[in-house]
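One-letter residues, chain by chain:
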Amino acid sequence: MTVTESDAPLPHRRPRRNPAKRLTMIAAAAAVLMIAATAGLYWFGLPGWAQGLGIPGMNDEPDLVIELPPNQDHRELADGTIYFAASGVIINPTDREQRVPPILAELRDAQGTIVYSWTIKPPVRTLPPNEKVNFSEAKLDIPRRATQLTVSWALPKG
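Here we summarise the structure given alongside this text. (Residues numbered from 1 in each chain as written. Predicted model: local features only at pLDDT ≥ 70, side-chain atom pairs only at ≥ 80, totals over all residues. Heavy atoms only, no water.)

1. Regarding the overall build of the chain
Alright, step 1. Along the backbone of the chain there are two helices and nine strands.
Alright, step 2. A total of 158 residues make up the chain; the buried ones form 23% of that total.
Alright, step 3. Considering only contacts within the chain whose residues lie at least 6 apart along the sequence, 69% involve residues at least 24 apart.
Alright, step 4. Approximately 11,800 Å² of the chain is accessible, and the part contributed by carbon and sulfur atoms is 57%. (Helix = DSSP H or I, 4+ residues; strand = E, 2+ residues; numbered from the N terminus. Buried < 20%, exposed > 50% of the residue type's maximum accessible area, 1.4 Å probe, protein only. Contact = heavy atoms within 4.5 Å. Areas by Shrake-Rupley, 256 points an atom, 1.4 Å probe, with all protein chains shown as cover.)

Below, the structure is given as structure tokens:
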């Protein structure tokens, strides 16, 4: 009996891989990681470095107090431009360090309508417990009818 080519043993072949099975395992692992990351963000909140990047979701009202003196520096300069300096104190009455967000300053007319607004950069990133820090910023060429200053935290809309 002669051995023909069709009777010769087949060369060793690796078993075929199932790409659908591999992709399903990768997708399941990614889903588990995403769920774990979401749970971690829910439990611990966004990390401190995310605040510096301005990532939305950091819109919790801080436990800080803004105090304004009764008289703000508001006058007309010799050249006719209107000068306004907003100043005040940020106080941390709590027993823990607080993140200091930007301050939204709004100038209102006699009827209470906002006629001019701007954002004041916080003087410090964080404020230690039971500490205070002063802030001040001046603006030129504001509307003449601006008479009253109001301030609040410039938190992202979320």
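Next comes the rest of the write-up.
2. A short note on the pattern of salt bridges
Alright, step 1. Considering all chains together, one arrives at six salt bridges under this definition.
Alright, step 2. Its salt-bridge partner being aspartate 73, residue arginine 75 comes within 3.0 Å of it at the nearest N-O pair.
Alright, step 3. When its relative accessible area of 31% is taken as the criterion, aspartate 73 is described as partly exposed.
Alright, step 4. The closest approach of N and O atoms between lysine 139 and glutamate 137, which form a salt bridge, is 3.9 Å. (Salt bridge = Lys/Arg side-chain N within 4 Å of Asp/Glu carboxyl O.)

3. Describing the sheet that holds strand β9 (residues 148-153)
Alright, step 1. Taken in spatial order, the three strands of this open sheet run β6-β5-β9, and their pairing is antiparallel. Each edge of the sheet is formed by a strand with only one pairing partner; in this case those strands are β6 (114-120) and β9. Direction aside, neighbouring strands of the sheet carry axes that sit 20° apart on average.
Alright, step 2. The pairing of strand β5 (residues 103-108) with β9 spans six bridges and is antiparallel. Across the sheet, the residue bridging to leucine 104 is serine 152, located in β9. (Pairing = 2+ DSSP bridges. Axes fitted to C-alpha atoms, helices over the stretch in contact; angles between N-to-C directions.)

4. Some details on the nonpolar core
Alright, step 1. Ranked by size, the top nonpolar core spans 20 residues in total, and within it Phe84, Ile90, Leu107, Trp118, Ile120 and Trp153 carry the most contacts.
Alright, step 2. When contributions to this core are tallied by element, the ones reaching two or more residues are β3 (82-91), β5, β6, β8 (132-140) and β9.
Alright, step 3. Broken down by element, this core gets its largest block of residues, four residues, from β3.
Alright, step 4. In this structure isoleucine 90 touches Leu64, Val65, Val100, Ile103, Pro123, Leu127, Glu131, Lys132, Val133, Phe135 and Trp153, once residues within four positions along its chain are discounted. (Core = buried A, V, L, I, M, F, W, Y, C linked by side-chain atoms within 4.5 Å.)

5. Some words on the environment of proline 102
Alright, step 1. Within the secondary structure, proline 102 sits in the loop between β4 (98-99) and β5.
Alright, step 2. Here proline 102 falls in the partly exposed class, since its relative accessible area comes to 28%.
Alright, step 3. For the pair proline 102 and arginine 125, spaced 23 residues apart in the sequence, the C-alpha separation amounts to 9.3 Å.
Alright, step 4. With sequence-adjacent residues up to four places away left out, proline 102 is seen in contact with Thr119, Ile120, Pro122, Ser152, Trp153 and Ala154.

6. Here we look at the pairing of β6
Alright, step 1. Pairing of β5 with β6 involves six bridges; the strand directions are antiparallel. Bridged to isoleucine 103 within β6 is isoleucine 120.
Alright, step 2. In this antiparallel pair of consecutive strands, β5 and β6, the connection spans five residues, and glycine 112 shows a positive phi of 90°.

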